[in-house]
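Residue strings, one per chain:
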Number of protein chains: 2
Amino acid sequence: MTARISRRGLLGGGLVAGAVTAIPTMADAAPDPLITRLQDWASTLGDGVDAVPYGMPTEHEKHVVRRNVGWLTADTVSSVNFTPIHALDGTITPQGCAFERHHSGAIDVRKQDWRLLINGMVDTPTVFTYADLERFPRVNRVCFCECAANTGMEWAGAQLNGVQFTHGMIHNMEYSGVPLRTLLEEAGLGAAGVVAGKWIYVEGADSSSNGRSLPLEKALDDVLVVFKANGEALRKEHGYPVRLVVPGWEGNLWVKWLRRVEVLEVPVESREETSKYTDTLADGTSRKWTWVMDAKSVITSPSPQSPIAHGPGPLVISGLAWSGHGRIMRVDVSRDGGMNWETARLAGPGQDRALTRFYLDTKWNGEEMLLQSRAIDETGYVQPTKRQLREVRGLNSIYHNNCIQTWHVKADGVTENVEVS
Amino acid sequence: MTARISRRGLLGGGLVAGAVTAIPTMADAAPDPLITRLQDWASTLGDGVDAVPYGMPTEHEKHVVRRNVGWLTADTVSSVNFTPIHALDGTITPQGCAFERHHSGAIDVRKQDWRLLINGMVDTPTVFTYADLERFPRVNRVCFCECAANTGMEWAGAQLNGVQFTHGMIHNMEYSGVPLRTLLEEAGLGAAGVVAGKWIYVEGADSSSNGRSLPLEKALDDVLVVFKANGEALRKEHGYPVRLVVPGWEGNLWVKWLRRVEVLEVPVESREETSKYTDTLADGTSRKWTWVMDAKSVITSPSPQSPIAHGPGPLVISGLAWSGHGRIMRVDVSRDGGMNWETARLAGPGQDRALTRFYLDTKWNGEEMLLQSRAIDETGYVQPTKRQLREVRGLNSIYHNNCIQTWHVKADGVTENVEVS
């Protein structure tokens, strides 16, 4: 059967030699029964509108779910699962697919039982209810949330054979909430005097409390206290009813089931910012207060969980890019392990601290490829190679691995996670 | 107990007189046990990450679902349900909450069984599979989809007492797909010769087929053949695996389970564009080819399903605005039935043919209100009053009712759907 995939005009005219699919055209001898025969679904009635009041993915997509990795943690209550980014497109992450990370499990707090205490160096220590929160001016903002440990298992080598597992501790949603600045000003910051050098300590209502210190400047800049994600209430596992959004900064700071914000002279130096979420270097010393997620990108298809399932010819290479420092300006793609680069097409202009989708519309002749992507953000920062990152950070680290990822695409389209020196 | 909601600085300084909530401050006599006592959720473990591979809304939000109206249609297979916009915020509509409208039920078509035939005045009648579709360059775009009959029950008077039912035949998602132009060019438009005056006829794979004619110019301009919404596969009820997206035009044209696109010299004048989806005027004649959805807005809160649940003081009035002609430039809000108007705050710059969220951060002293919102789009078009619309369109119509909606807010916060002359 002949090819009907030429992308004429998109690849410079003429049929693309070797482009083959299994689909006959009307000119072909063998008719396609899916075209020529009346199908059951065209001669019967389907489901009514009351079949599923809250719509779920079709059963044919039930493999597109969050997954965890058994050997990563002994228990699932203090653990993580991963967003199936190999199967998604665009930039918005549906809440149902958005990764979870919690330290003592996802807890159940009703709106009417939720309280936020703002205390410490404020004029009037204040308690807010959910109903109170709804009466302050709201903002909407799309932000990516990336766990500091995303790609953390790859420091020592290519370990996890799927982009869901190497890069899936990230999601990107439209949030609606109240600026934390508004609530801090409501409690009165007079007692904090000069803001510079001051800190806040944020706590969740779960058993771990996941307490973290943040510079007051950041809290007053763009941190949000949110109650909606992609238009609807937060999922329980994402902090229902209220969580913190800290644009561009590591996900561990995005405290869920938010319970308390204390204004302080000094940081608390809690477990989550000393023994955890610090970057141990080659000499054994640890970098701390490394909050910002540097520019990063990854090809989501082809990838180990999304191999090339068709023959040579037109191929869409697609992926995601993001930066905690602002907008993505450019993404380059290499097919030879970084020797040569092509500039990818951004699906839209880069958004400040939100995911950017990129595409490379190209042609594949069945050759083996070492696929890489490289992100450049508005500060001019260029995503580093694994070797460049190791030269600075060593091999002792778990967190903040934003290096260039390599996928080995074989002649049969099968794709694997590899390293190139 | 004293008020702790002042929005100091946001309402021009000083405490807002009369702002009352039931929440004590630290200065109050009675301690709040939800603050002072250890809660169960802070001393036990929550759910693990493998509890729900595909995350669902918490049970506390199970009332936020699509609903239908029994008396609207005799059966639910050829019917509609409505998006719970009274309970949503931001602009993105989650697929699970996005309204459904189908004419013979939601059918089940697997990706491997999906075919798209492009025939008629093309050089090479061509069949595309899902795998073929994935090999063409993709675009991402956020668009609203509004049923032409949205607000259709309100022509004769104020009938449905909830914004979910008066305005809920709308959703707004980020789509990923292939421009229809690309597929038409793949089949070769040479036979169509001059584009002007030519048409396409689009059909779905369901029993109704829901066939509609479209000018070829529109098909070549911005119509998309999409397979993802908000990043993931379409829900079955939204046309899985492939539907049409027709930016700014009535939802009936967004054919689901897309099966065929035929290029024609003349429109088909099908049932769906003659006896249905035409606008019958006062004199009995009908307007046809009224595809574009004119500028429209509605206040989603307060509204009958979202009354004011607190006392006087700070109040956030929120709603949605959209235009099939481009971007929303301004939204005005009236509290006295249209005599006086205040300009609302747009949560972000208006997006081309996508929903815009607006807020009015104001103060309510417990007075009765006749709440209205009025949208103005980039063409300068101003959303009409119900009276203005009736003067032109009469009372025989079902479709394209984009008039200004009025909510009557009573002193106790209860809100109802009313008309003002």
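Residues numbered from 1 in each chain as written. Chains lettered and ligands numbered in written order. Predicted model: local features only at pLDDT ≥ 70, side-chain atom pairs only at ≥ 80, totals over all residues. Heavy atoms only, no water.

(A) Up close: the overall build of chain A. A tally of helices and strands in chain A yields six helices and 23 strands. Taken over C-alpha atoms, the radius of gyration comes to 24 Å for chain A, in line with the 22 Å a tight globule of 421 residues would show. Counting only C-alpha atoms and orienting by the principal axes, one finds that chain A spans roughly 80 × 60 × 40 Å. Burial statistics for chain A: of 421 residues in total, 62% are counted as buried. Contacts in chain A between residues far apart in sequence, at least 24 positions, make up 71% of those at least 6 positions apart. Accessible surface, chain A: about 14,600 Å² in total, of which carbon and sulfur atoms supply 53%. Once the 43 positive and 49 negative side-chain charges of chain A are each reduced to a mean point, those two points are 1 Å apart. (Helix = DSSP H or I, 4+ residues; strand = E, 2+ residues; numbered from the N terminus. Rg over C-alpha atoms; globule rule 2.2 N^0.38 Å. Buried < 20%, exposed > 50% of the residue type's maximum accessible area, 1.4 Å probe, protein only. Contact = heavy atoms within 4.5 Å. Areas by Shrake-Rupley, 256 points an atom, 1.4 Å probe, with all protein chains shown as cover. Lys, Arg positive; Asp, Glu negative; His and termini not counted. Charge placed at Lys NZ, Arg CZ, Asp CG, Glu CD.)

(B) How the structure looks around the relation of the copies chain B and chain A. Mapping chain B onto chain A calls for a screw motion: a turn of 180° about the axis and a shift of 0.0 Å along it, with 0.0 Å RMSD after fitting. The symmetry that links the two subunits is that of a two-fold axis. In terms of C-alpha distance to the rotation axis, chain B has Pro94 of chain B as its closest residue, with the C-alpha 3.6 Å off the axis. Looking at the interface residues of chain B, 100% of them are also at the interface in chain A, so both copies use one shared face. (Least-squares fit on C-alpha atoms with pLDDT ≥ 70 in both.)

(C) Up close: the sheet that holds strand S16 (residues 313–322) of chain B. Residues and elements named next belong to chain B. With antiparallel pairing, four strands are arranged side by side in an open sheet as S15-S16-S20-S19. In this open sheet, the two strands that pair with only one neighbour each are strand S15 (296–301) and strand S19 (345–346). With two bridges connecting them, S19 and strand S20 (residues 356–364) associate as antiparallel partners. Its bridge partner being in S20, Arg345 is matched across the sheet by Tyr359. (Pairing = 2+ DSSP bridges.)

(D) Spatial organisation of the packing of aromatic side chains. Applying the stated criterion across every chain, the model contains 20 aromatic pairs over all chains. Relative to Trp291 of chain A, the ring of Trp249 of chain A has its centre 4.9 Å away and its plane inclined at 0°; by these criteria the two rings are stacked. Of the two residues, Trp249 of chain A sits in the loop between strand S11 (243–245) and strand S12 (258–264) while Trp291 of chain A sits in the loop between strand S14 (286–287) and strand S15 (296–301), which places them 42 residues apart along the sequence. Relative accessible area serves as the criterion here: at 12%, Trp291 of chain A is assigned to the buried category. When the ring of Tyr175 of chain B is compared with that of Trp254 of chain B, the centres are 5.8 Å apart and the planes differ by 65°; the resulting orientation is edge-to-face. In this pair, Tyr175 of chain B sits in strand S6 (residues 170–179) while Trp254 of chain B sits in the loop between strand S11 (243–245) and strand S12 (258–264), placing the two residues 79 residues apart along the sequence. Here the aromatic cluster, defined as three or more aromatic residues joined through ring pairs, consists of Trp199, Trp249, Trp289 and Trp291 of chain A. (Phe/Tyr/Trp six-rings, centres within 6.5 Å; stacked < 30°, edge-to-face > 60°.)

(E) Just the environment of Gly350 of chain B, in detail. All names here are of chain B. Positionally, Gly350 belongs in the loop between S19 and S20. Sequence-wise, Gly350 and Glu378 are 28 residues apart; in three dimensions their C-alpha atoms are separated by 9.1 Å. In this structure, Gly350 is in contact with Arg327, Ile328 and Thr356, ignoring residues within four places of it in sequence.

(F) Quick look at the interface of chain B and chain A. Contacts between chain B and chain A engage 113 residues on the former and 113 residues on the latter. Summed over both sides, the interface between chain B and chain A buries roughly 9,500 Å², with carbon and sulfur atoms accounting for 56% of that surface. Contact with chain A buries area across many residues of chain B, yet Trp41, Val49 and Arg135 of chain B alone supply 10% of it, more than any other trio. Inspection of the chain B/chain A interface yields eight salt bridges. (Buried area = accessible area lost by both parts, 1.4 Å probe. Salt bridge = Lys/Arg side-chain N within 4 Å of Asp/Glu carboxyl O.)

(G) Looking closely at the pattern of salt bridges. All names here are of chain A. This structure, assessed with the given rule, holds 70 salt bridges over all chains. One salt bridge connects Arg110 with Asp113, and the closest N-O pair in it is separated by 2.7 Å. With a relative accessible area of 35%, Arg110 lands in the partly exposed category. Accessibility expressed as a relative area gives 16% for Asp113, which makes it buried. Overlapping salt bridges bring together Arg141, Lys218, Asp222, Asp352 and Arg353 as one network.

(H) Up close: the sheet that holds strand S17 (residues 328–334) of chain A. All names here are of chain A. If you trace the five strands from one edge of the open sheet to the other, you get S18-S17-S21-S22-S23, paired in antiparallel fashion. A strand with exactly one partner marks an edge of an open sheet, and here the two such strands are strand S18 (342–343) and strand S23 (415–418). Sheet topology note: the S17/S18 ladder contains two bridges and is antiparallel. If you follow Val333 over to S18, its bridge partner there is Glu342.

(I) Here's a closer look at the confidence of the model for chain A. All names here are of chain A. On average, residues of chain A score 92 in pLDDT, and 93% of them reach the 70 mark or higher. In the predicted structure, residues 1–26 sits below a pLDDT of 50 and forms 72 contacts with residues beyond four places in sequence or in another chain. As scored by the predictor, the complex reaches a pTM of 0.94 and an ipTM of 0.93. (pLDDT = per-residue confidence, 0-100.)

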